[in-house]
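Examination of the molecular architecture
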Amino acid sequence: MPPITTLAIEANGLTFEVLECGEGDRLVLCLHGFPSHARCWTGQFAALVEAGYRVWAPNLRGYGKSGRPPHVADYTVDTLLADIAGLIDAAGARSVTVMAHDWGGLLAWFFAARAIRPIDRLIILNAPHPACATVAYRKWRQARKGWYILAFQIPWLPDRILAARHAWAIGRLMRFASGRARVFSNVAIEFYRSQASEPGAATAMLNWYRGLTRGGVPDELKGKFPQIETPTLVIWGDADVALDRSCIAGVEVYVPNIQIRYLEGVSHWVQEQEPDTVSRMVTAFLDGRTVPLG
């Protein structure tokens, strides 16, 4: 593993904790999801650095040692997208690839659709495309998997449940979302629980979901969702207990230059469960080679 440096980066009025690996002006910006941490990408660091990229994996707003505003209004989609733009500006890279998972991936879809900053490649791991998900969540198959989104809207109670007993529920959730695979060691689960146990951390994580529902319907979902012209790779763990593959059904309509690779039997935590496979797929895509099937 190449050395990893922890940076404090100012962006959009907050300080972000960023894990940096490698150097140069070709950047891969890695965006994590819920209830994760920047360290979820370390399995891809070595391959990306060897391929000639500088990697930034920030702890997003409310996570790790990044800024943690207390209010739901601080976690709207527009605000979170401005964070990404600020991080890209701070990196000062000539070329930017965005690689994103779960919540980070949902933001990445919007970011690319709005063309907020130029990006050369987009890589999505188990994250619903907003337009496809709007259809999917109207059907029982996905709606039953997404019940927690409604539960997270309840004031203060889910916050206390997630933070209680040294964030026991966070560890349980991550194990459950692993399915039958043993994705996380006991040490890793302890790390994630410790992060969620920090003062205000559980509320900040939940405020992402509250900001999504209370911040108003994004303009893209009020009409025809804009096409994304950026070359895009989707890697999808097909044993995801939270997101059905219907969340990207028909995505080719919105992203004509797209490749999709399904990993059978792989859980929601795709880049942590199959780090080598994901690294091979990602580096092939970045190099313009045929992306392997698995």
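A few points on the structure. (Residues numbered from 1 in each chain as written. Predicted model: local features only at pLDDT ≥ 70, side-chain atom pairs only at ≥ 80, totals over all residues. Heavy atoms only, no water.)

1. Let's talk about the overall build of the protein
Of regular secondary structure, the protein possesses 11 helices and 8 strands. Over its C-alpha trace the protein gives a radius of gyration of 18 Å, about what one expects of a compact globule, namely 19 Å for 294 residues. C-alpha extents for the protein along the principal axes are approximately 50 × 40 × 40 Å. Sorting the 294 residues of the protein into buried and exposed places 55% on the buried side. Looking at the protein alone, contacts between residues at least 24 apart form 75% of all its contacts between residues at least 6 apart. (Helix = DSSP H or I, 4+ residues; strand = E, 2+ residues; numbered from the N terminus. Rg over C-alpha atoms; globule rule 2.2 N^0.38 Å. Buried < 20%, exposed > 50% of the residue type's maximum accessible area, 1.4 Å probe, protein only. Contact = heavy atoms within 4.5 Å.)

2. What about a nonpolar patch on the surface?
On the surface, a cluster of nonpolar side chains totalling about 400 Å² of accessible area is made up of Ile154, Trp156, Leu157 and Ile161. Along the chain, Ile161 turns up in helix 7 (residues 157-176). (Patch = residues over 30% accessible without salt bridge, like charges linked within 9 Å, V, L, I, M, F, W, Y side chains within 5 Å. Areas by Shrake-Rupley, 256 points an atom, 1.4 Å probe, with all protein chains shown as cover. Salt bridge = Lys/Arg side-chain N within 4 Å of Asp/Glu carboxyl O.)

3. Some remarks on the nonpolar core
If you look at the biggest cluster of nonpolar residues, it comprises 101 residues, and the most contacted ones within it are Met99, Trp109 and Ile235. Examining the composition of this core, we find that 9 residues originate from one element, helix 3 (residues 103-114), more than from any other. Apart from the residues within four sequence positions on either side, Met99 is in contact with Val28, Leu29, Cys30, Leu31, Trp41, Gln44, Leu48, Ile123, Leu125 and Val282. (Core = buried A, V, L, I, M, F, W, Y, C linked by side-chain atoms within 4.5 Å.)

4. Points about the packing of aromatic side chains
Within a pair of aromatic rings, the relevant descriptors are the distance that separates the centres and the angle that separates the planes. Applying the stated criterion across every chain yields a total of 14 aromatic pairs. Their ring planes at 70° and their centres at 5.7 Å tell us that Phe191 and Tyr192 sit as a pair that is edge-to-face. Phe191 gets classed as partly exposed once you look at its relative accessible area, which sits at 22%. Here a set of aromatic residues connected by ring pairs shows up, and it is made of Phe34, Tyr63, Trp103, Trp147, Tyr148, Phe152, Trp208 and Tyr209. Residue placement shows Arg245 over the ring face of Tyr262; its charged tip is 3.8 Å from the ring centre. (Phe/Tyr/Trp six-rings, centres within 6.5 Å; stacked < 30°, edge-to-face > 60°. Lys NZ or Arg CZ within 6 Å of the ring centre and 35° of its normal.)

5. Considerations on the environment of Cys21
Following the sequence through the fold, Cys21 ends up in strand 2 (residues 14-21). Considered as a pair, Cys21 and Phe110 are 89 residues apart in the sequence and their alpha carbons are 26 Å apart. In this structure Cys21 touches Pro2, Pro3, Ile4, Phe45, Val49, Tyr53, Arg54 and Val55, once residues within four positions along its chain are discounted.

6. Notes on empty space enclosed by the protein
Rolled over the atoms, a probe as big as a water molecule pinpoints where empty space is left. Within this structure, the stated rule accounts for 1 cavity of 30 Å³ or more. Computed from the structure, the largest cavity encloses a volume of approximately 30 Å³. Around the largest cavity sit Leu60, Arg61, Leu80, Asp83, Ile84, Leu107 and Trp208, which together line it. No other element matches the 3 residues that helix 2 (residues 77-91) contributes to the lining of the largest cavity. Partitioned by chemical class, the residues of the lining of the largest cavity number 5 nonpolar, no polar and 2 charged. (1 Å grid on protein atoms, 1.4 Å probe; cavity = no way out; pocket = protein on both sides within 12 Å on 5 of 7 lines; lining within 4 Å. Points joined across faces, edges and corners; volume = space filled by probe spheres on them. Nonpolar A, V, L, I, M, F, W, Y, C, P; charged D, E, K, R; others polar.)

7. Some thoughts on the environment of Val49
With respect to the helices, strands and loops of the structure, Val49 is situated in helix 1 (residues 42-50). The spatial distance from the C-alpha of Val49 to the C-alpha of Gly22 is 5.3 Å, given a sequence separation of 27 residues. The contacts of Val49, once residues within four sequence positions are left out, are Pro2, Cys21, Gly22 and Val55.

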